[in-house]
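The primary structure of each chain is shown beneath.
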Amino acid sequence: GVASSATVALYSLASKRGLEEVGRSSFRLMHYTTFVGLLLLLPVVHLSGELPGVMASPQLSSKLFWVFNTIAAVCGFGINVAFFNLINSSSPLTAHIVGCAKAALQAWLSVMIFGNVVSPLNALGIVLTLAGSSLYSLERHLTSAKEGDAKLAKTAGKTGRK
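All of the points below concern the structure found in this document. (Residues numbered from 1 in each chain as written. Predicted model: local features only at pLDDT ≥ 70, side-chain atom pairs only at ≥ 80, totals over all residues. Heavy atoms only, no water.)

Moving on: the layout of surface pockets. Of the voids in this model, the largest pocket is the one considered here, and its volume is about 580 Å³. Lining the largest pocket are 21 residues; nearest its centre among them are Val8, Val98, Gly99, Cys100 and Lys102. Taken together, the elements giving at least two residues each to the lining of the largest pocket come down to α1 (2–21), α4 (63–89), α5 (92–114) and α6 (120–159). Element by element, the count of residues in the lining of the largest pocket is highest for α5, at 8 residues. In terms of residue class, the lining of the largest pocket is made up of 12 nonpolar, 8 polar and 1 charged. There is about 220 Å³ of room inside the second largest pocket. Around the second largest pocket, the lining residues are Leu38, Leu41, Leu42, Val45, His46, Ser48, Glu50, Leu51 and Val54. At the level of elements, α2 (26–48) and α3 (51–55) are the ones that each hand at least two residues to the lining of the second largest pocket. Sorting elements by how many residues they give to the lining of the second largest pocket places α2 first, with 6 residues. In the lining of the second largest pocket, the residues fall into 6 nonpolar, 2 polar and 1 charged. (1 Å grid on protein atoms, 1.4 Å probe; cavity = no way out; pocket = protein on both sides within 12 Å on 5 of 7 lines; lining within 4 Å. Points joined across faces, edges and corners; volume = space filled by probe spheres on them. Helix = DSSP H or I, 4+ residues; strand = E, 2+ residues; numbered from the N terminus. Nonpolar A, V, L, I, M, F, W, Y, C, P; charged D, E, K, R; others polar.)

A contiguous nonpolar patch, built from Leu105, Trp108, Leu109, Met112, Ile113 and Phe114 and spanning about 640 Å² of accessible area, is present on the exposed surface. Along the chain, Leu109 falls in helix α5. Exposure remark for Leu109: the relative accessible area of 33% places this residue in the partly exposed category. (Patch = residues over 30% accessible without salt bridge, like charges linked within 9 Å, V, L, I, M, F, W, Y side chains within 5 Å. Areas by Shrake-Rupley, 256 points an atom, 1.4 Å probe, with all protein chains shown as cover. Salt bridge = Lys/Arg side-chain N within 4 Å of Asp/Glu carboxyl O. Buried < 20%, exposed > 50% of the residue type's maximum accessible area, 1.4 Å probe, protein only.)

Such coordinate-based values are descriptive only and should not be taken to indicate function.
Given below as structure tokens:
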């Protein structure tokens, strides 16, 4: 709900600041966040008392387990790099709106493809989210087109062309 949206928004803002700290390199930020994540996760695993159970699991010797985990890790890495690139080339607000539109589109597709049942209020939320995201995208496109035209006119004025 609200806490999730606030966390995602704060993550976007922290990512933007982190990108500025590492010279706008998505890969450097990924290395940094992975290292910090491991440092934070290790004490949690130790304090939870689950490490002996994990180490005794027969799944650790399964090749299929490691194949699926490797695929999941590569996909997660790619998603994070794409997210950092999105924030790097736009803004945290745009990244948040893209995330909301993605979630709404997934909900709509689950209704269309799998026949999931949603309440009228949920359907209204999906429609409003997709409509709002589309309007935001249109506004961003029109704004960038105007900025591009202004830059082109300024450049043409400097070179004496008309």
